[in-house]
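Chain and residue survey
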Amino acid sequence: MSYASLSVKDLTSLVTRSGTGSSSSPKRPVKVIPLQHPDTSNEARPPSIPFDDILSGWRAKIKRMSLVDWIETLFPCFRWIRTYRWSEYFKLDLMAGITVGVMLVPQAMSYAKLAGLPPIYGLYSSFVPIFVYAIFGSSRQLAIGPVALVSLLVSNALGGIADSSEEELHIELAILLALLVGILECIMGLLRLGWLIRFISHSVISGFTSASAIVIGLSQVKYFLGYNIARSSKIVPLVESIIAGSDKFQWPPFLMGCLILVILQVMKHVGKAKKELQFLRAAAPLTGIVLGTTIAKVFHPPSISLVGEIPQGLPTFSFPRSFDHAKTLLPTSALITGVAILESVGIAKALAAKNRYELDSNSELFGLGVANILGSLFSAYPSTGSFSRSAVSNESEAKTGLSGLITGIIIGCSLLFLTPVFKYIPQCALAAIVISAVSGLVDYDEAIFLWRVDKRDFTLWTITSTTTLFFGIEIGVLVGVGFSLAFVIHESANPHIAVLGRLPGTTVYRNVKQYPEAYTYNGIVIVRIDAPIYFANISYIKDTLREYEVAVDKYTTKGPEVERISFVILEMSPVTHIDSSAVEALKELYQEYKARDIQLAISNPNKDVHMTIARSGMVELVGKEWYFVRVHDAVQVCLNCVQSSSNLEDRKPSFLRRFNNNNNGSSSYTDLQSYNTLLKEPLLPVEK
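Quick summary incoming for the structure in this document.

Calculation criteria
Residues numbered from 1 in each chain as written. Predicted model: local features only at pLDDT ≥ 70, side-chain atom pairs only at ≥ 80, totals over all residues. Heavy atoms only, no water. Helix = DSSP H or I, 4+ residues; strand = E, 2+ residues; numbered from the N terminus. Contact = heavy atoms within 4.5 Å. Areas by Shrake-Rupley, 256 points an atom, 1.4 Å probe, with all protein chains shown as cover. Axes fitted to C-alpha atoms, helices over the stretch in contact; angles between N-to-C directions. Parallel < 35°, antiparallel > 145°, perpendicular 65-115°, else oblique. Nonpolar A, V, L, I, M, F, W, Y, C, P; charged D, E, K, R; others polar. Buried < 20%, exposed > 50% of the residue type's maximum accessible area, 1.4 Å probe, protein only. Core = buried A, V, L, I, M, F, W, Y, C linked by side-chain atoms within 4.5 Å. Pairing = 2+ DSSP bridges. Patch = residues over 30% accessible without salt bridge, like charges linked within 9 Å, V, L, I, M, F, W, Y side chains within 5 Å. Salt bridge = Lys/Arg side-chain N within 4 Å of Asp/Glu carboxyl O. Bend = angle between axes of the 7 residues up to and from the residue. Expected span 1.5 Å × (residues − 1). Polar contact = N/O pair within 3.5 Å; in protein donor to acceptor, adjacent residues only side chain to side chain.

Bringing the overall build of the protein into the picture now. A count of helices and strands for the protein gives 27 helices and ten strands. Across the protein, every contact between residues at least 6 apart in sequence was considered, and the portion connecting residues at least 24 apart equals 81%. Total accessible area on the protein stands at roughly 32800 Å², and carbon and sulfur atoms take up 61% of it.

Printed below as a string of structure tokens:
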């Protein structure tokens, strides 16, 4: 394979001519692009503290903000209000709001039951938070409210504190949990800490969500079977209680639940498959509720349990009565906040990109926090963005947050006028809605994809899902996050390091494992470090460099025959940061190389890395002449040294010391001889 370009065609002929005998080829000087070293004198600007840079950046941004910018920052809804096109947007927002509202009413009651709360609190959680989010939220398509995963987390947290018979305490704790979640979301949004969740792998989230969906589905089976089962977030107790109570099985709720579930699944899949029938997907939950309610109202089957009386009217303002259990609820609050960042903010950013408007994730997180805080003052439990309802909102072509306001109005009308009808809704119909919703969360396609693409991520997925299923939600999350962070730390502490070789016909140097045709030079090791260098990985880097001194012999080599390695070139362009511990370790490595008569050369450090090295005194220690702009420059100089040394019969003093002594400032690289058979570019004098 040839990598030669038009710029080197003349050089090829030069090599051909010189290949007839290197001894007779004319000597050419080496051209080296001079590397400008930073000024580290006292007059130079001292190193700044990153925190000061952040503060100065904020101050500069605040000074540039106008009154309109301040209003849009505090109230993101002002962005779409100013540019709203009534004739074009209102009809679309109206239809999207109605569609999502019709879908939300039955879902909200179902998820409240999943959370261990009366159905009315699902509607409360879908009322005030929607209006608040429409004002403070940045996304124009995100549909917030109760969701299955958060409802399961709420149920699991409350079940560990209060007995299922203590309904009032359950309600108080759920409302307090919404307040805590809102406070955490606001704090993380204001401090711009959403990036912390990036350390959790997507495979961990997928495994956790898949396992949680299975647990949710099994917890709702009791409404199909007609008897109670154990309340647990672990699969083994659930399965055991299902088997133990099989003698109490009743056919009527099972048949009704299965019928409604089949209808829901068919409508959902048809709505997804055919765009002209997408309204079926949104209408599916309402269809199931209407069908179940009609059967219950007409036939009055005694074995089918109904929702019962639901209070009528809007929620009233109330502050949490007690904070005694706040400390106990903090871990669950943090977990729900993490779910909000990963799911809600992720969905919101995807929808914003699809609809071509900008969205700040931290501002979005703050909007969710305000919605939960104010929602908790009106009897709401934690709300967050729903994937299914947001997808329906986007498919219905919602243009602005007005669609959310319309959805909130529908919930308000339901609370004012429809609650007397809700008492006839069968419990198995609500359970069918939950099972239908979570069936799509079992992400087996992701597991197959991970197995095919990345076995490590598949291992993470398997570990997280298994521990969540068998040991509970908290243990599953902790184990998954722990393994995810362990992989991150391992990757950081063991960075990728490559031996570079020269591509034939070019001055380009690439990884010899990726490009087998690339060749190295005898006596020279070129190493690229593909990561920041800091205290955690410097030991690994030093050990790897020692190994490469030996391993480089197995690659294709050219140049004069020498007995050992005389030069190590570090390509540092991928190194974005180097700390003081790493600098000290590099100094030790240099001294070790020096004792073994090996010269260290450094190529292309970036500005910050170069400044750190210069301040540490390493530039003077190694020598300014051993810092280069390009790898090729370093190779030219080192190769000429190797070529010169191979012609010396007397090896004492060593050629490195001889070279350094001869280049004490009065001479330059122009005194070095080129190895014309190997170098494919003419070597010219350095311009002083």
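This paragraph deals with the packing of helix α5 (residues 86–114) against helix α18 (residues 427–439). At a minimum axis separation of 9 Å, α5 and α18 run at an interaxial angle of 95°. By the criterion of interaxial angle, the relationship of α5 to α18 is roughly perpendicular. Between α5 and α18, the residues in contact are P106, Q107, M109, S110, Y111, K113 and L114 and Q427, L430, I433, V434 and A437, respectively. Across the contact of α5 with α18, the residue classes tally to eight nonpolar, three polar and one charged.

Next up on the list: unusual backbone geometry. With phi around 65°, E397 is a residue other than glycine that occupies positive phi space. According to the relative accessible area criterion, E397 is partly exposed, its value standing at 38%. Look at N604: it is not a glycine, yet its phi comes out positive at around 55°. Within the element layout of this structure, N604 appears in the loop between β9 (599–603) and α24 (607–615). On the basis of relative accessibility, which here comes to 32%, the residue N604 falls in the partly exposed class.

On to the nonpolar core. What tends to happen in soluble globular proteins is that the nonpolar side chains get buried as a cluster. Counting 97 residues, the largest nonpolar core has M109, L117, L123, V154, L329 and Y381 as its most contacted members. Membership of the second largest hydrophobic core comes to 58 residues, among which are V512, L586, I613 and V631.

Of all six residues in strand β3 (residues 497–502), six are buried; the element is thus mostly enclosed. Of the two faces of β3, both are covered, the one formed by I497, V499 and G501 as well as the one formed by A498, L500 and R502. Here β3 runs beside strand β6 (residues 524–529); their pairing, made up of three bridges, is antiparallel. From the neighbouring strand, A498 faces β6, where its bridge partner is R528. Pairing of β3 with strand β4 (residues 509–511), which is carried by three bridges, proceeds in the antiparallel orientation. From the neighbouring strand, G501 faces β4, where its bridge partner is R510.

What follows concerns a nonpolar patch on the surface. Residues I62, L67, W70, I71, L74, F75 and I135 make up a contiguous nonpolar surface patch of roughly 640 Å² in combined accessible area. For the nonpolar patch, the leading source of residues is helix α3 (residues 67–74), giving four residues. Structurally, I62 is set in helix α2 (residues 50–64). Classification of I62 as partly exposed rests on a relative accessible area of 45%.

Here we come to the sheet that holds β6. Strands sit in the order β4-β3-β6-β8-β9-β10 across an open sheet of six strands; the sheet is mixed. Looking at the sheet topology across the chains shown, the edges are occupied by β4 and β10 (627–628).

Structurally, V370 is set in helix α15 (residues 361–376). For V370, a relative accessible area of 11% corresponds to the buried category. Considered as a pair, V370 and F136 are 234 residues apart in the sequence and their alpha carbons are 7.4 Å apart. When near neighbours in sequence (up to four residues on either side) are disregarded, V370 contacts V132, F136 and C186.

Remark: the principal bend of helix α17 (residues 402–422), roughly 60°, maps to L416, with a proline, P420, within the next four residues. Those residues of α17 not exposed but buried are L402, S403, I406, T407, G408, I411, G412, S414, L415, T419 and F422. Contact partners of the buried residues in α17: α4 (77–82), α5, α6 (120–124), α7 (128–136) and α16 (387–395).

Time to look at helix α21 (residues 473–493). Every α-helical turn comprises 3.6 residues, leaving residues that sit three or four positions apart pointing alike. Helix length check: α21 (21 residues) gives 30 Å between terminal C-alpha atoms against 30 Å at 1.5 Å per residue, within 8%. Among all positions in α21, only I473, G476, V477, G480, S484 and A493 are buried.

Positionally, T337 belongs in helix α14 (residues 326–354). Residue classification places T337 among the buried residues on the basis of a relative accessible area of 1%. In terms of polar contacts, T337 uses its side chain to reach the backbone carbonyl oxygen of S333, at 2.8 Å. Beyond its immediate sequence surroundings of up to four residues, T337 is in contact with V181, L184, E185 and M188.

With the rule as written, the count across this model stands at 16 salt bridges. When the shortest N-O distance is used, the salt bridge between R546 and E592 registers 3.0 Å. Of the two residues, R546 sits in helix α22 (residues 538–551) while E592 sits in helix α23 (residues 580–595), which places them 46 residues apart along the sequence. Taking the relative accessible area as the measure of exposure, R546 reaches 31% and is therefore partly exposed. For E592, the salt bridge goes to R596, with nearest N and O atoms at 3.3 Å. Among the charged side chains, a network of salt bridges with common partners joins D543, R546, E592 and R596.

Next up on the list: the side chain of T468. Structurally, T468 is set in helix α20 (residues 455–471). Taking relative accessible area as the criterion, T468 reaches 1% and is therefore assigned buried. Once residues lying within four places of it in the same chain are set aside, the contact partners of T468 are F208, A211, S212, S233, I473, G476 and V477.

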